[in-house]
Amino acid sequence: MPQERSRHAARTRRPWRRLNRGDLAILSCGVVAFLSLTFGSPVFQQGQLAAHVSAPATAPMTPAALPSGNAAAPIAVTGTPDATPAPVQATPAAAAPAGPQLPAAAQPVHIRYPSADVDAAIHPLDLDGAAQSSRTIEPPATKDGYWLTPFGIPGKGSGNTTYIIGHSWEGADAPFNHLSSAAAVGDRFELDTAAGTITYQVDSITTYVKSTLKDSPIWDMVPNRLVLISCYTEDPWGKNVVVTAYPAS
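Residues numbered from 1 in each chain as written. Predicted model: local features only at pLDDT ≥ 70, side-chain atom pairs only at ≥ 80, totals over all residues. Heavy atoms only, no water.

### Some remarks on the pairing of strand β7 (residues 226-231)
For β7, the tally of buried residues reaches six of six residues, placing the bulk of the element in the interior. Summarising the sheet, β7 and strand β8 (residues 239-247) pair through six bridges and their orientation is antiparallel. Within β8, the position partnered with Leu228 by the bridge is Val243. (Buried < 20%, exposed > 50% of the residue type's maximum accessible area, 1.4 Å probe, protein only. Helix = DSSP H or I, 4+ residues; strand = E, 2+ residues; numbered from the N terminus. Pairing = 2+ DSSP bridges.)

The following block contains the structure:
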């Protein structure tokens, strides 16, 4: 009986061995097919999603897709890179200050220089050739000023320096007596001409030995410069005082 039971058991186990060996591949395929039918679609979709995410993006980012932090703004916010830039507006250079408005060049007729106590009529003074070349000029002995006509004419269109001369006398009244002691750089005074009034501002005050005046730079041709010349009050026989001025702005 035990032997018979053993042979039966052997006969019972052999078919399972043959099934495991022969049908293992079929059974495995069945399991795979079952799993494929049950889970294959989600797994496949996830595989597609992973492939889509890992693929390089070709569409521009939108604000919702921006990472947090200090990331740069998307192109849609800042403008397209190939857009034509707006032209840069150049800042205009500062305009040069305009010069003073002057009346037309005309004969001077009166000078008023309050701080130097000058208030005098002006008369034209013609010079001969010798006086012009030697620059040795003696005005008439009056209390007026004199305009040297061979040189410049004050006003718009002037091409040379305008010269006005007058006497200074020690111990007596004279038109330019106080130029030596009272004139100062920065002073303003007025010159009336036949075409209008010009305001001048003193640029320099210089004292010359009379013998050197003829060779000094005061005789250079400078348009619209005005030069007042008189004797130096403290040494009227040996020196001259020269006041240089330009039209004031």
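### Details of the pattern of salt bridges
For the coordinates displayed, the defined rule picks out four salt bridges. Two residues, Asp192 and Arg112, come together in a salt bridge whose shortest N-O distance is 2.4 Å. Note that Asp192 is positioned in strand β5 (residues 188-193) and Arg112 in strand β1 (residues 108-113), a separation of 80 residues in sequence. The class of Asp192 is buried, set by a relative accessible area of 15%. Residues Lys143 and Asp173 are paired through a salt bridge, measuring 3.8 Å at the closest nitrogen-oxygen approach. Pair noted here: Lys143 is in the loop between α4 (129-134) and β3 (145-148) and Asp173 is in the loop between β4 (162-165) and α5 (179-182), with a separation of 30 residues, a long-range link. Taken together, the salt bridges that share partners define one network made up of Arg112, Glu190 and Asp192. (Salt bridge = Lys/Arg side-chain N within 4 Å of Asp/Glu carboxyl O.)

### What about the pairing of β5?
In this structure, β1 lies alongside β5, joined through four bridges in antiparallel fashion. Among the inter-strand pairings, Pro108 is bridged to a residue of β5, identified as Thr193. For β5 and strand β6 (residues 196-209), the ladder comprises six bridges, and the chain directions are antiparallel. The residue of β6 that forms the bridge with Asp192 is Thr197.

### Quick word on unusual backbone geometry
Even without being glycine, Asp117 reaches a positive phi, approximately 55 degrees. You can call Asp117 exposed: its relative accessible area is 54%.

### Observations regarding the environment of Ile198
Counting through the fold element by element, Ile198 comes out in strand β6. Of the residues examined, Ile198 reaches a relative accessible area of 2% and is grouped as buried. Taking the C-alpha atoms as reference, Ile198 lies 9.8 Å from Ile111; in sequence the two are 87 residues apart. Filtering out sequence-adjacent residues up to four positions away, Ile198 remains in contact with Leu102, Pro103, Pro154, Gly155, Phe189, Glu190, Leu191, Thr193 and Pro247. (Contact = heavy atoms within 4.5 Å.)

### A word on the sheet that holds β5
Taken in spatial order, the eight strands line up as β1-β2-β3-β4-β7-β8-β6-β5 and close into a barrel, and their pairing is mixed. For this sheet, the mean inter-axis angle between neighbouring strands, taken without regard to orientation, is 30 degrees. (Axes fitted to C-alpha atoms, helices over the stretch in contact; angles between N-to-C directions.)

### A closer look at the confidence of the model for the protein chain
Averaged over the protein chain, the pLDDT score is 73; the fraction of residues at 70 or greater is 59%. Counted against residues more than four places away or in other chains, residues 1-17, with its pLDDT under 50, gives one contact. (pLDDT = per-residue confidence, 0-100.)

### Description of the packing of aromatic side chains
One pass over the full model with this rule turns up five aromatic pairs. Relative to Phe189, the ring of Tyr113 lies with its centre 4.9 Å away and its plane at 20 degrees, an arrangement referred to as stacked. In this pair, Tyr113 sits in strand β1 while Phe189 sits in strand β5, placing the two residues 76 residues apart along the sequence. We note that Tyr113, like Phe189, is buried. Geometrically, the ring pair formed by Phe189 and Tyr200 is stacked, given 5.8 Å between the ring centres and 15 degrees between the ring planes. Of this pair, Phe189 sits in strand β5 while Tyr200 sits in strand β6, and the two are eleven residues apart along the sequence. No difference in accessibility class separates Phe189 from Tyr200, as the two residues are buried. A network of ring pairs unites the aromatic residues Tyr113, Phe189 and Tyr200 as a single cluster. (Phe/Tyr/Trp six-rings, centres within 6.5 Å; stacked < 30°, edge-to-face > 60°.)

### Examining the nonpolar core
Grouped together as the largest cluster of nonpolar side chains are 23 residues, with contacts concentrated most on Ile111, Tyr113, Leu179, Phe189 and Leu228. Mapped by element, the contributors of at least two residues to this core are β1, β2 (118-125), β5, β6, β7 and β8. Excluding anything up to four places from it in sequence, Phe189 contacts Ile111, Arg112, Tyr113, Ile198, Thr199, Tyr200, Val202, Leu226, Leu228 and Ala245. (Core = buried A, V, L, I, M, F, W, Y, C linked by side-chain atoms within 4.5 Å.)

### Re the side chain of Ser158
Examined against the element boundaries, Ser158 turns out to sit in the loop between β3 and β4. Judged by relative accessible area, Ser158 falls into the buried class, the value being 12%. From its side chain, Ser158 meets the backbone oxygen of Asn160 in a polar contact 3.0 Å long. (Polar contact = N/O pair within 3.5 Å; in protein donor to acceptor, adjacent residues only side chain to side chain.)

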